Amino acid sequence: MEPPGNDVVAFESAEKIILRWDSTASEDAREKMIFAGDRHEIDRYLSAVDEIQRSMEFATLSDDQNKANSAIQIAMARLEDEFRNILIAHTTPMEAESLTDSSPLPDEDYDDESPLTKDLEHQESNSSCSYRSTNSIREIDLMPSNAIYDLRCIAERMILAGYLRECIQVYGSVRKSAVDSSFRRLGIEKLSIGDIQRLEWETIETKIRRWIRAAKVCVRILFASEKKLCEQIFEGLGNAIDDACFMETIKGPAIQLFNFAEAISISRRSPEKLFKILDLHDALSDLLVDIEIVFDSKSSESIRVQAVEILSRLAEAARGILTEFENAVLREPSKVPVPGGTIHPLTRYVMNYISLISDYKQTMSELIVSKPSTGSRYSSDPNTPDMDFTELESQTPLALHLIWIAVILQFNLEGKSKCYRDTSLAHLFMMNNVHYIVQKIKGSPELREMVRDDCLRKLTGKFRQAATNYQRSTWVNVLHCLRDEGLHVKGSFSSGVSKSALRERFKTFNAMFEEVHRTQSTWLIPDTQLREELRISVSEKLIPAYRSFLGRFRSHIESGRHPENYIKYSGEDIETAVLDFFEGYQVSQHIRRRSQ
């Protein structure tokens, strides 16, 4: 095909425009940007580029080809600069303030929010920026339409001229810088997996709260909006060019973002980490659909796979921590008795822990699909309680784990109770602790629903049995002093009562009661209602028996010498003294003075 007759004239005119904007040859060209000027000059330059590219198709002489190649190289260098300049000009810090994630976090600590998050929420209420919504994704327009139009015009010509790689590199470097800036303002630090694993857990907990909120912003808004911008500029200009530019921009930041969750998922397991791991799992699970949408191309498959793998490892970590927690409860070795038989720190810790687990009932029920490894295989192990779960077949696996934890906690507490030299105190210790277990279950609707009434009744029966055992071991011998047996004298001309035996009986009662009062006033029942119930139960057995004994035999003592040495307490004194029991402090002055 022969070129048109005016082809040379058109080429020379186009070449002149290209050379006039050659920044390597003109000071004026270096100081000015074409796309910062009027629309007429922009269109003239683009038309000149089009003419040079068209003329290259018809150039037959090597000189013409060389001239065309030279002109196109100058034009591409210029367009690359213009492309970069437009990107930079419309990549400002204010643009990030249009981002926000309106979805709330459970128990969110807003004092931990980054300045960006606070700015974003304020900006959104006053922003007129447009976005489209796909599920929870919010794609904000990052640049005005005129800038996008100019960028697309430049990209189309650079790609046509074979400068695709240069175009992608320029685009990626500028937009990645913008993403990095947003990351900094969101509080996302550049930390390796090793760096994260070396941090103290308290520090990591704070970072997890920030990460969850930042991750939602990044996936649903920041990455989604970057993808939209790539589509607006590059879609249709070549095979998956928009996706290539998107990955050039966000692959590094995305890996940086997900590396944090990955580091937590493979870190050393310990009970205190469970709930933050569950928070991470819930957040990532909630984001997974959005990740699939934003990273839906073949080239972004690695990011989708990484997210799924992290989610799987977080689930495995949660299951592993629960098993390790059960083992830790069973094997907790402390043998130092808690003073006064009060609630053991282990009991408080374990019950608070499983109450928190019940708060994550939905997530944990999805993750825990097998019952505890217990039953007949433990039947010959004296260090492990045996429990037959066949009676609880209707329970969920999670509920079985929580019931099992309560069982092994009691088993461990029974071992600790043997450290008390006083049998009565051992029973009081078990009563206090099993009662606490019952109250914690009753106080959590979710926990109570899972444990169910049958198990709760068994637990209630255990602490009531412990209370009964305490009363028997403490008061049987005391009440034995108030019996008639051994006091009457047969065949005597006297009153039929042995005064010496009666005096000895009063002395024995006084000594035993004073000792019980001295020791058990220092014992502690922290639950007010339980303390009052046990005092009433003791009083109902002790005080009527003492009043009756006193009524039957007072006259025999008072008719003799020094009756005050034997009848030291009235019924009211005993009743008052019982109120000192289980308060956790020394005996009252009233009883101490009488006992001297």
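For the structure, check the block above.
Scoring rules and cut-offs
Residues numbered from 1 in each chain as written. Predicted model: local features only at pLDDT ≥ 70, side-chain atom pairs only at ≥ 80, totals over all residues. Heavy atoms only, no water. Phe/Tyr/Trp six-rings, centres within 6.5 Å; stacked < 30°, edge-to-face > 60°. Helix = DSSP H or I, 4+ residues; strand = E, 2+ residues; numbered from the N terminus. Buried < 20%, exposed > 50% of the residue type's maximum accessible area, 1.4 Å probe, protein only. Lys NZ or Arg CZ within 6 Å of the ring centre and 35° of its normal. Axes fitted to C-alpha atoms, helices over the stretch in contact; angles between N-to-C directions. Parallel < 35°, antiparallel > 145°, perpendicular 65-115°, else oblique. Left-handed = near helix turned anticlockwise from the far one by under 90°. Contact = heavy atoms within 4.5 Å. Nonpolar A, V, L, I, M, F, W, Y, C, P; charged D, E, K, R; others polar. Salt bridge = Lys/Arg side-chain N within 4 Å of Asp/Glu carboxyl O.

1. Things to note about the packing of aromatic side chains
Point 1. Taken as a whole and assessed by the stated rule, the structure comprises 22 aromatic pairs.
Point 2. Taking 4.0 Å as the distance between ring centres and 20 degrees as the angle between the ring planes, the aromatic pair formed by Phe 325 and Tyr 353 counts as stacked. In this pair, Phe 325 is assigned in helix α13 (residues 301-331) and Tyr 353 in helix α14 (residues 345-359), connecting sequence segments 28 residues apart.
Point 3. Under the relative-accessibility criterion, Phe 325 is labelled buried at 1%.
Point 4. Ring geometry for Phe 581 versus Phe 582: centroids 5.7 Å apart, planes at 80 degrees, classification edge-to-face. When sorted by exposure, Phe 581 lands in the same class as Phe 582, which is buried.
Point 5. Through successive ring pairs, a cluster of aromatic residues spans Tyr 470, Trp 475, Phe 509, Phe 513, Tyr 546, Tyr 569, Phe 581 and Phe 582.
Point 6. Residue placement shows Arg 503 over the ring face of Tyr 566; its charged tip is 6.0 Å from the ring centre.

2. Description of the packing of α14 against helix α17 (residues 423-442)
Point 1. It is the contact of α14 with α17, at a shortest axis distance of 10 Å, that shows an interaxial angle of 15 degrees. It follows that α14 is roughly parallel to α17 by the angle criterion. Crossing handedness for the pair α14 and α17: right-handed. Every residue of α17 that contacts α14 at Thr 347, Arg 348, Met 351, Asn 352 and Ser 355 is listed here: Asn 433, Tyr 436, Ile 437, Lys 440 and Ile 441.
Point 2. Of the residues assigned to the contact of α14 with α17, the class counts are four nonpolar, four polar and two charged.

3. A short note on the pattern of salt bridges
Point 1. Counted according to the given criterion, the structure contains 35 salt bridges.
Point 2. Here Glu 80 and Arg 84 are joined by a salt bridge, their closest N and O atoms 3.4 Å apart. Here Arg 84 and Glu 80 lie together in helix α4 (residues 62-89), a separation of four residues that amounts to about one turn.
Point 3. Under the relative-accessibility criterion, Arg 84 is labelled partly exposed at 26%.
Point 4. If you follow the salt bridges from partner to partner, you end up with Arg 531, Glu 532, Arg 535 and Glu 583 in one network.

Treat this as a map of the structure, not an account of what it does.
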